[in-house]
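Residues per chain are reported as follows:
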Amino acid sequence: MEDRRIEDKRIEINKRLREIQDEVALNKKEQACINEIIDDVIALRQRSSNTQEEMLEYWAGTEFGRVVAELNSQEDALYNSLIRDAEEGIEERRQAIQRLLKEERECEDELMNMRRDY
C-alpha cells in the first residue's frame, strides 16, 4: 500500500514538472512576442517622429504648427505608455518564470527525497 502511495505521488510530481516546463516555455514565448511589439512600437515612433519634424519645420510659427506640436506630444506620450505597459508585461512574465522555476526545484527536491527514503 505504501509503495502505491509513493508511486502515485511520484506520478503527480512528474505531471506537475511537465506542466511547469510548459508554462515556462509559454511565458518565454510571450516575452519574445512582447519584445517584438516593443521593437515595432519604437520603429513606428521613429518613423512618425521623422515625419512630424518635417511638418513642424514647414508649419513653424503658425497655429497649425502649434496644434501639430501638441498632437506630436500626445502621440509621443502614447508611445511611451505602450512601451511601459509592454515592459511591465515582460517583468510579470519574468516573475512568473522565477516562481515556476522555484516550484520546479521544490518538486525535484521532493522527488529526490522520496527516492532516498524509498
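Basis of the calculations
Residues numbered from 1 in each chain as written. Predicted model: local features only at pLDDT ≥ 70, side-chain atom pairs only at ≥ 80, totals over all residues. Heavy atoms only, no water. Helix = DSSP H or I, 4+ residues; strand = E, 2+ residues; numbered from the N terminus. Rg over C-alpha atoms; globule rule 2.2 N^0.38 Å. Buried < 20%, exposed > 50% of the residue type's maximum accessible area, 1.4 Å probe, protein only. Contact = heavy atoms within 4.5 Å. Lys, Arg positive; Asp, Glu negative; His and termini not counted. Charge placed at Lys NZ, Arg CZ, Asp CG, Glu CD. Salt bridge = Lys/Arg side-chain N within 4 Å of Asp/Glu carboxyl O. Phe/Tyr/Trp six-rings, centres within 6.5 Å; stacked < 30°, edge-to-face > 60°. Axes fitted to C-alpha atoms, helices over the stretch in contact; angles between N-to-C directions. Parallel < 35°, antiparallel > 145°, perpendicular 65-115°, else oblique. Left-handed = near helix turned anticlockwise from the far one by under 90°.

(A) Spotlight on the overall build of the chain. Counting its regular elements, the chain contains two helices and zero strands. By the compact-globule yardstick of 13 Å for 118 residues, the chain is too spread out, its C-alpha radius of gyration being 26 Å. Principal-axis analysis of the C-alpha atoms places the extent of the chain at approximately 85 × 15 × 15 Å. When burial is assessed residue by residue, the chain has 24% of its 118 residues classed as buried. Across the chain, contacts joining residues at least 24 apart in sequence account for 85% of those joining residues at least 6 apart. Here the chain contributes 20 positively and 31 negatively charged side chains, and the mean placements of these two sets differ by 8 Å.

(B) The environment of Leu111, seen in detail. On the secondary structure map, Leu111 appears in helix α2 (residues 63–117). With relative accessibility at 4%, the residue Leu111 sits in the buried group. Sequence separation of Leu111 and Leu44 is 67 residues, and the distance between their C-alpha atoms is 50 Å. Discounting chain neighbours no more than four positions away, the residues touching Leu111 are Arg10, Ile13, Asn14 and Leu17.

(C) Local environment of the side chain of Ser48. Structurally, Ser48 is set in helix α1 (residues 2–59). Look at Ser48 and you get buried, because its relative accessible area is 14%.

(D) Inspection of the pattern of salt bridges at higher detail. Enumeration according to the criterion identifies 14 salt bridges in this entry. Across the pair Arg16 and Glu23 runs a salt bridge, and its minimum N-O distance is 3.0 Å. In this structure, Glu70 and Arg66 form a salt bridge, with 3.2 Å as the shortest nitrogen-oxygen distance. With Glu70 and Arg66 both in helix α2, this residue pair falls four residues apart, about one helical turn. Classification of Glu70 by relative accessible area gives partly exposed; the value is 41%. Judged by relative accessible area, Arg66 falls into the partly exposed class, the value being 44%.

(E) Spotlight on the packing of aromatic side chains. On inspection of all chains with the given rule, the structure shows two aromatic pairs. Each ring, one from Tyr58 and one from Trp59, has its centre 5.0 Å from the other, and the planes form 85 degrees; the classification is edge-to-face. The class of Tyr58 is exposed, set by a relative accessible area of 65%. Trp59 gets classed as partly exposed once you look at its relative accessible area, which sits at 33%. Summarising the aromatic geometry, the rings of Trp59 and Phe64 are spaced 4.8 Å apart at their centres and angled 70 degrees between planes, so their arrangement reads as edge-to-face. In this structure Phe64 comes out as partly exposed when scored by relative accessible area, which is 40%. Linked through ring pairs, Tyr58, Trp59 and Phe64 together constitute an aromatic cluster.

(F) How the structure looks around the packing of α1 against α2. Where α1 meets α2, the closest approach of the two axes is 8 Å, and the angle between their N-to-C directions is 165 degrees. Relative to α2, the element α1 lies roughly antiparallel. Regarding α1 and α2, the two cross each other, and that crossing is left-handed.

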